[in-house]
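# Overview (structure and organization)
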Amino acid sequence: MERKPLFQFAYCRSPDQDKRGPAHHRVVIVGAGPVGLSLAIDLAQRGIAVVLLDNADRIGEGSRGICYAKRTLEIWDRLGIGDPMVAKGVTWRRGKVFRGPDLLYEFDLLPEGGHKRPAFINLQQYHVENFLVARAAALPGIDLRWRNEVTDIVPDPAGAELAIETPDGPYSVRADWVIACDGTNSTLRTRLGIEFAGETFEDQFLIADIKMRADLPTERRFWFDPPFHEGRSALMHRQPEDIWRIDLQLGPKADAEEEKRPEIVRARLAAMLGHDEFDLEWVSVYRFQCRRIENFVHGRVVFCGDSAHQVSPFGARGANSGVQDVENLAWKLALVLSQEAPASLIATYDLERGQAADDNIRHSTRSTDFIAPHSAAEARLRDATLALARHADFAKRMVNSGRLSIASVYHTPLSTPDADAWNGGVPPGAAMQDAMLRQGGKSLYLTDIVAPRFTLLCAQHVTTLTLPLPVEMVAISETDRGSSVLHDAQHQFAARYDATPGCAYLLRPDGHVAARFRNIAEPAIEAALSRACGKTMLHV
Amino acid sequence: MPLDTSARFSDPDAAYRLIVEAHRGLSDDESRKLDAALILTLANQIGDLAILREALALSRAAIAPSKDAATD
Ligand SMILES: Cc1cc2nc3c(=O)[nH]c(=O)nc-3n(C[C@H](O)[C@H](O)[C@H](O)COP(=O)(O)OP(=O)(O)OC[C@H]3O[C@@H](n4cnc5c(N)ncnc54)[C@H](O)[C@@H]3O)c2cc1C
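Remember, it's a predicted structure, so these values are computed and weren't measured experimentally.

Thresholds, definitions, all that
- Sequence order as written defines the numbering, with residues in each chain counted from 1.
- Note on labels: chains are lettered from A, ligands numbered from 1, in written order.
- Reporting in this predicted model follows two pLDDT cut-offs: at least 70 for local features of residues, and 80 or more for side-chain atom pairs to be given and counted; totals over whole chains, interfaces and linings ignore these cut-offs and use all residues.
- Computation of side-chain values covers all heavy atoms of the structure but excludes hydrogens and water.
- Lining residues are those with an atom within 4 Å of a point, where the points come from a 1 Å grid over the protein atoms alone and group into cavities, where a 1.4 Å probe fits but cannot get out, or pockets, open sets with protein on both sides within 12 Å along at least five of seven lines.
- Grid points are joined across faces, edges and corners, and a volume is the space filled by probe spheres set on the points.
- Think of it this way: any DSSP run of H or I at least four residues long counts as a helix, any run of E at least two long counts as a strand, and we number them from the N terminus.
- Two aromatic rings from Phe, Tyr or Trp, using only the six-membered ring of Trp, form a pair when their centres are within 6.5 Å; if the ring planes differ by under 30 degrees the pair is stacked, by over 60 it is edge-to-face, and anything between is tilted.
- Relative accessibility under 20% of the residue-type maximum defines a buried residue, over 50% an exposed one, and the middle range a partly exposed one, all with a 1.4 Å probe and only protein chains included.
- To sit over a ring, a charge needs its Lys NZ or Arg CZ within 6 Å of the ring centre and within 35 degrees of the ring normal.
- Each residue is tested against the molecule or strand, and it is near if at least one of its non-hydrogen atoms lies within 4 Å.
- In the analysis that follows, any N or O atom pair within 3.5 Å is treated as a polar contact, provided that within protein one partner can donate a hydrogen and the other can accept it, and provided that, for residues neighboring in sequence, both atoms belong to side chains.
- Throughout this entry, Asp, Glu, Lys and Arg are counted as charged residues, while Ala, Val, Leu, Ile, Met, Phe, Trp, Tyr, Cys and Pro are counted as nonpolar. The remaining residues, Gly among them, count as polar.
- What counts as a salt bridge is simple: a side-chain nitrogen of Lys or Arg found within 4 Å of a carboxyl oxygen of Asp or Glu.
- Two residues qualify as a contact provided that any one of their heavy atoms is within 4.5 Å of a heavy atom in the partner residue.
- When two parts are brought into contact, each loses some accessible area as probed by a 1.4 Å sphere; the total of that loss over both is the buried area.
- An automatic or database domain assignment provides the domain bounds reported here.
- Between the first and last residue of a helix there are one fewer steps than residues, each counted as 1.5 Å, and that sum is the expected span.
- We define the nonpolar core as a collection of buried residues of types Ala, Val, Leu, Ile, Met, Phe, Trp, Tyr and Cys that are connected through side-chain atoms lying within 4.5 Å of one another.
- Should DSSP find at least two bridges between two strands, the strands are regarded as paired.
- Charged residues are defined here as Lys and Arg on the positive side and Asp and Glu on the negative side; His and the ends of the chain fall outside this count.

### Re empty space enclosed by the protein
Taken as a whole, this structure holds five cavities of 30 Å³ or more when the rule is applied. Looking at the largest cavity, its volume works out to about 100 Å³. Considering the residues around the largest cavity, the lining is formed by A:Arg366, A:Asp369, A:Phe370, A:Pro373, A:Glu378, A:Arg382, A:Met398, A:Asn400, B:Asp13, B:Tyr16, B:Arg17 and B:Val20. A total of four residues in the lining of the largest cavity trace back to one element, the largest contributor, which is helix H1 (residues 12-23) of chain B.

### Let's talk about the packing of aromatic side chains
All names here are of chain A. Throughout the structure, instances matching the rule amount to 17 aromatic pairs over all chains. Summarising the aromatic geometry, the rings of Tyr-68 and Trp-76 are spaced 5.5 Å apart at their centres and angled 45° between planes, so their arrangement reads as tilted. As far as the burial class goes, Tyr-68 and Trp-76 line up, both buried. Ring geometry for Trp-422 versus Tyr-505: centroids 5.4 Å apart, planes at 65°, classification edge-to-face. Remark: Tyr-505 occurs in strand S27 (residues 504-507) and Trp-422 occurs in the loop between helix H11 (393-398) and strand S22 (436-439); sequence separation between them is 83 residues. Just as Trp-422 is buried, Tyr-505 falls in that class too. These aromatic residues form a ring-pair network of at least three members: Phe-205, Tyr-286, Phe-288 and Phe-314. Over the ring of Phe-278 we find Arg-266; its NZ or CZ atom is 4.3 Å from the centre of that ring. One cation-aromatic arrangement involves Arg-518 over Trp-422; the distance from NZ or CZ to the ring centre is 3.9 Å.

### Observations concerning the site of the ligand
Residue and element names in this part refer to chain A. As a structural note, the neighbourhood of the ligand is formed by 30 residues, with Asp-54, Asn-55, Arg-64, Gln-125 and Asp-306 the closest of them. In this structure, an oxygen atom belonging to the ligand sits 3.1 Å away from a main-chain N or O atom of Val-35. Looking at the shell around the ligand, the elements with two or more residues in it are helix H1 (34-45), strand S11 (149-156) and helix H8 (318-337). The element contributing the most residues to the shell around the ligand is H8, with three residues. Class assignment of the residues belonging to the shell around the ligand gives a composition of 13 nonpolar, 11 polar and six charged.

### Examining the pattern of salt bridges
All names here are of chain A. If you walk through the whole model with that rule in mind, you get 47 salt bridges over all chains. Arg-117 is the salt-bridge partner of Asp-77, the closest N and O atoms lying 2.7 Å from each other. Here Asp-77, found in helix H2 (residues 70-78), pairs with Arg-117, found in the loop between strand S8 (102-108) and strand S9 (120-122); they are 40 residues apart in sequence, far enough to count as distant. In this pair, the class of Asp-77 matches that of Arg-117, namely buried. Here Asp-359 ties to Arg-362 by a salt bridge, and the two come within 2.8 Å at their closest N and O atoms. Here Asp-359 pairs with Arg-362, and both are found in helix H9 (residues 345-371), just three residues apart, close to one helical turn. Residue Asp-359 is classed as partly exposed on the basis of its relative accessible area of 30%. Several salt bridges share partner residues, and in doing so they unite Asp-77, Asp-83, Lys-116, Arg-117 and Asp-448 into one network.

### Here's the deal with the interface of chain A and chain B
Across the contact, 25 residues belong to chain A and 27 residues belong to chain B. Here chain A meets chain B over a buried area of about 2,200 Å², counting both sides, of which 55% is carbon and sulfur. The interface formed by chain A and chain B holds five salt bridges in total. Counting the contacts that link chain A with chain B gives eight residue pairs in polar contact (both at pLDDT 80 or more). With nine residues, helix H10 (residues 376-389) of chain A is the single largest residue contributor to the side of chain A that touches chain B. Of the residues in the side of chain A that touches chain B, the class split is nine nonpolar, six polar and 10 charged.

### Things to note about the domain arrangement of chain A
The domain boundaries assigned to chain A delineate domain 1 (7-88 + 110-197 + 290-366), domain 2 (198-288) and domain 3 (436-532). In this structure, domain 2 of chain A and domain 3 of chain A have C-alpha centres spaced 47 Å apart.

### A short note on H1(B)
Helix length check: H1(B) (12 residues) gives 17 Å between terminal C-alpha atoms against 16 Å at 1.5 Å per residue, within 8%. Just downstream of H1(B) lies B:Gly25, where phi reads positive at about 85°.

### Notes on the nonpolar core
By size, the foremost hydrophobic cluster in this structure holds 94 residues, and its most contacted members are A:Val27, A:Ile29, A:Trp76, A:Leu162 and A:Ile179. Of all the elements, H8(A) adds the most residues to this core, at 10 residues. For this core, the domains that each give at least three residues are domain 1 (7-88 + 110-197 + 290-366) and domain 3 (436-532) of chain A. In this structure, A:Tyr105, A:Ile207, B:Tyr16 and B:Val20 belong to the second largest nonpolar core, which totals 40 residues.

### Some words on the pairing of strand S24 (residues 455-459) of chain A
Residues and elements named next belong to chain A. Here S24 lies mainly inside the structure; five of its five residues are buried. The side-chain alternation of S24 yields two buried faces, one formed by Thr-455, Leu-457 and Ala-459 and the other by Leu-456 and Cys-458. Relative to S27, S24 is paired through four bridges, and the arrangement is antiparallel. Among the inter-strand pairings, Thr-455 is bridged to a residue of S27, identified as Leu-507.

### What about the environment of A:Glu202?
All names here are of chain A. Following the sequence through the fold, Glu-202 ends up in strand S14 (residues 197-211). Each C-alpha atom of the pair Glu-202 and Pro-373 lies 9.7 Å from the other, and the pair is 171 residues apart in sequence. Setting aside chain neighbours within four positions, we find Glu-202 in contact with Pro-252 and Arg-287.

### Details of the side chain of A:Arg366
On the secondary structure map, A:Arg366 appears in helix H9. Despite its burial, A:Arg366 pairs with no opposite charge, the nearest such side chain being B:Asp11 at 4.1 Å. Those residues within four positions of A:Arg366 in sequence are excluded, and the remaining contacts are A:Asn400, B:Asp11, B:Asp13, B:Ala14 and B:Arg17.

What follows is the structure, given as structure tokens:
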């Protein structure tokens with residue numbers, strides 16, 4: 001079932017196409033999906049001009065991703081588009097898991113307050129992309145070229161040359177850095193002969209977006225072996241504009257073409273919903289895959305998002321991890337381009353996001369195998385888990401209908417290991433936690449205060465430090481010290497960071513903790529900063 | 001000491017996965033044999049008849065065909 005594109009953009013001839021030789025750019029991004037667009041915005045905000053090439057000129061023929069995680073929303077806040085995303089999306093944090101006709105358990109992904117962003121929003125991927133396109137268009141320094149299809153790449157030690165096909169014919173450009181955000185079927189990956197290895201799951205899944213009015217709570221609903229779809233699984237999510245996503249397991253032998261016929265889809269959905277008052281918006285049948293390339297960095301060509309790794313959708317780890325890739329790469333590339341950090345810093349992108357990809361693949365593989373067991377033995381184990389889950393908490397914890405995307409924690413040479421004793425808090429390598437603070441009689445969130453630069457969160461007061469790189473100072477105190485110090489009135493910062501007066505957290509520009517100190521000392525902070533920029537690098 | 005049914009693994013998914021992977025590549029018959037061997041090994045590790053009895057009762061209840069048969 002094809003649907004009409006919702007957003008149409010125009011091809012526009014670039015002056016580069018009239019040049020005799022290839023024009024030169026510092027950074028060229030290939031692919032204007034959620035990942036390439038987020039990267040272009042991040043780099044442009046850091047003052048780096050980019051060319052962004054995409055082979056299409058429209059979005060919205062069908063939706064793919066729908067669930068966007070808290071960390072992604074915090075990153076999009078930094079990119080200036082968190083508000084429209086959250087305003088348009090539906091917010092959720094609760095889920096229900098059913099077995100047969102019965103509710104097995106409920107979960108709450110964010111039971112505590114003091115966070116600006118919810119655990120998740122659901123939003124059609126085409127809306128996400130459209131907000132990103134609008135933001136990219138509003139920023140100076142982003143040259144977005146629709147209907148520019150990259151057909152070849154010739155890399156060399158200083159960069160690469162790209163061959164591009166357009167409605168006006170071919171041309172080429174040279175770039176110091178090429179960032180491949182061209183999705184699972186990446187042309188750049190293929191042209192460079194890089195293997196995309198992993199697993200294809202046997203089971204097929206019907207994904208349908210339907211329009212219907214329903215008075216159901218906004219929550220994730222998952223069924224194992226429901227009465228309306230016996231022996232298989234079902235998943236249901238609300239999206240904005242009365243659109244619902246339904247995901248039905250079809251088994252390994254289903255005939256995908258047959259299953260996509262509207263009358264067949266409608267019959268399956270009517271059995272599920274108990275009525276047929278809905279319209280089909282979009283229908284597709286998928287066989288999910290978990291794959292990655294071994295190295296995300298190939299000289300001056302860097303892979304981000306689906307071109308580098310692919311996961312099954314259980315856990316919503318696809319676009320969410322791609323946006324985290326971008327947040328990890330952008331500041332590093334900016335420091336390397338301004339020669340404030342060695343080019344080897346880029347290798348830590350591969351290391352850190354490689355860990356994240358492994359984590360995401362591990363989780364989504366476990367979930368997919370739980371939902372669609374490989375053998376009779378695995379099915380028995382799974383069914384026993386579900387049966388025991390009604391009686392025993394340990395089994396409930398093993399029921400796996402998808403482990404939803406959270407921020408990755410990096411085990412990285414950029415982190416300075418703890419030298420002091422900490423009772424919890426946010427360890428080096430982990431992403432910052434939000435907290436609600438007060439200043440001048442107003443409430444505000446820590447994630448809003450921390451800019452995408454190196455930041456020192458100081459408990460109590462700011463000390464004057466002379467550091468080799470600019471570092472933002474943010475002072476937070478449990479007692480009200482007037483408007484220059486943020487007031488941790490609800491003790492959320494103290495609790496979430498195990499913060500005691502005089503301690504400090506050094507945050508990297510992507511909001512991950514680089515180091516933490518019980519007592520601020522300039523030499524230690526300077527060393528941690530230099531380490532976080534890859535200047536005093538141990539081998540990666 | 002009564003049977004502890006709370007989640008005792010810090011990463012329950014990893015424990016589950018270990019069992020799944022132990023079955024990979026086995027025939028169904030071999031899988032059943034593996035399960036039996038595993039049960040005996042773990043029962044011995046527990047080393048307590050009262051707990052084993054409780055674990056067996058819980059498992060019997062869990063696999064009972066209808067909801068009424070279960071000891072909910
Ligand atoms: C059914 C389904 C449900 C999903 N649900 C979720 C979810 O809930 N949450 C989530 O986070 N993720 C989800 N995902 C995954 C998500 O859709 C992807 O991870 C995401 O789209 C990846 O973004 P990307 O920018 O890397 O690649 P893409 O979105 O694939 O974008 C690649 C871009 O590159 C362009 N391009 C390709 N080749 C060339 C070329 N040669 N030259 C120029 N341009 C090129 C394409 O036109 C495209 O615009 C889901 C996926 C599926 C299939």
